[in-house]
Amino acid sequence: MMAKNLFFIFGSGTIAFIIALVLAPGFIRLLHHYKMGKKLRENATSGEKATIFNQLHEKKKGTPTMGGILIWGTVLLVIGFSKLLSIFGVFEHSLLNRKETWLPLFTLITTAILGLVDDYLNVKGMGKTKGLSVKPKMFWMILLATAGAYWFYSKLGYSSVHIPGIGDLELGIWYIPAFMLVFVGTSNAVNFTDGLDGLAGGLLIIAFGAFGILAAAKGLFILAAFCAVICGALFGFLWHNIPPAKFYMGDTGAIALGATLGVIAMMTDAIVPLILIGFIFVIETLSVIIQLTSKKFLKRKVFAIAPLHHHFEFKGWNEATVVMRFWIVGGLIAVFGLVLGLLENNIL
């Protein structure tokens, strides 16, 4: 049985990688054909002119975005393919499973659509910020988070979170805002991190890989295969996204994958391990919060530019150096998060 499950998990991920790798060149040409090149932002999150950012990334202007379509599109193709393989007996299960994958799949699709709208407005230069402004984007994110939280609490009976060393912390109705915080937080954290060639893609492979292991250890083999499919699609994307990137993930990838990661963390009851597994995402988000808070109340900047990866870039680190070092740190700390998750479930 274990051999069949491992074949299912790794087979699903491998199929996703092959599909993404094969489709990527044609998809990139399609993006170029329809002039889906990214526009550099004129204003930073604080509302000021993004002068430093534009100086650092002027050479990237016009590079195609919306690469996230390749990622979640591959996921959808593999799910459909798995249904056929299960019918013919190659796979014992289909990836489309009510208990394990409906919720993360619904999250992936809905948030991907939201990100796609933002990306489209950006490439067309529409809106004051060349894309969705913060308020409408947050409104839709909070709406989706509320729907997910309600479903987990009212329909599935989730009401507690596990704290390592302490046990299950019963939250009751407060589980809803906790879920919303994880959903919106991880979505924005990945989006903040998606700023250098290959950075977010590599870190997401680490994160989904870790949660795939946690899911398998909990006996959620279909969810583990779902994580493997996302990893496979990300590997295919990353093949063309490493410096110099031929296309970018865009919000349709970063927002969707971040939110999906948060939902999987809630499904596996691994909020604390998520902090370690997604350590770089957390640090990047904190750098933005610290920067905005300091500028508002102290009238000074802590970092030359936020998020943190741009600060190191401004200080003279080569882009590939920033990416590789963030991958290394992220990967090492993710191992601790994974071990913590396995220990807490008496698996190690």
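Before reading on, note that the structure itself is shown above.
Only a predicted model underlies this, so the values are computations on that prediction, with no experimental measurement involved. (Residues numbered from 1 in each chain as written. Predicted model: local features only at pLDDT ≥ 70, side-chain atom pairs only at ≥ 80, totals over all residues. Heavy atoms only, no water.)

A. Inspection of the overall build of the protein chain at higher detail. Along its length, the protein chain carries 13 helices and two strands. Relative to the compact-globule value of 20 Å for 348 residues, the protein chain shows a C-alpha radius of gyration of 20 Å, a close match. Here the C-alpha coordinates of the protein chain stretch approximately 55 × 50 × 35 Å along the principal axes. Taken across its 348 residues, the protein chain has 52% of its residues classed as buried. Put simply, 75% of the contacts in the protein chain that link residues at least 6 apart link residues at least 24 apart. In the form shown here, the protein chain has an accessible surface area of approximately 16,300 Å², with 70% of it arising from carbon and sulfur atoms. For the protein chain, the distance from the average site of its 28 positive side-chain charges to the average site of its 17 negative ones is 8 Å. (Helix = DSSP H or I, 4+ residues; strand = E, 2+ residues; numbered from the N terminus. Rg over C-alpha atoms; globule rule 2.2 N^0.38 Å. Buried < 20%, exposed > 50% of the residue type's maximum accessible area, 1.4 Å probe, protein only. Contact = heavy atoms within 4.5 Å. Areas by Shrake-Rupley, 256 points an atom, 1.4 Å probe, with all protein chains shown as cover. Lys, Arg positive; Asp, Glu negative; His and termini not counted. Charge placed at Lys NZ, Arg CZ, Asp CG, Glu CD.)

B. Layout of the packing of aromatic side chains. Inspection of the entire model under this criterion finds ten aromatic pairs. A centroid spacing of 6.3 Å and a plane angle of 70 degrees characterise the contact between F27 and F247, whose relative ring orientation is edge-to-face. With a gap of 220 residues between them, F27 in helix 1 (residues 2–33) and F247 in the loop between helix 8 (221–238) and helix 9 (251–267) connect regions that are remote in the sequence. Three or more aromatic residues joined by ring pairs form one cluster here, namely F152, Y158, Y175, F179 and F183. Directly above the aromatic system of W317 lies the positively charged group of R325, at a separation of 4.7 Å from the ring centroid. (Phe/Tyr/Trp six-rings, centres within 6.5 Å; stacked < 30°, edge-to-face > 60°. Lys NZ or Arg CZ within 6 Å of the ring centre and 35° of its normal.)

C. Structural context of unusual backbone geometry. Put simply, P243 and P244 share a cis peptide bond, and its omega is -10 degrees. For the peptide bond that leads from A306 to P307, omega is 5 degrees, which places it in the cis range. Mapping P307 onto the fold places it in the loop between helix 11 (279–297) and helix 12 (308–314). Even without being glycine, K35 reaches a positive phi, approximately 55 degrees. Take K35: it is sitting in the loop between helix 1 and helix 2 (51–57).

D. Structural view of the environment of D168. In this structure, D168 sits in strand 2 (residues 167–170). With relative accessibility at 56%, the residue D168 sits in the exposed group. With residues near it in sequence (within four places) discarded, D168 still touches S160, V161, H162 and D269. Of the polar contacts made by the side chain of D168, one reaches the side chain of H162; its length is 2.9 Å. (Polar contact = N/O pair within 3.5 Å; in protein donor to acceptor, adjacent residues only side chain to side chain.)

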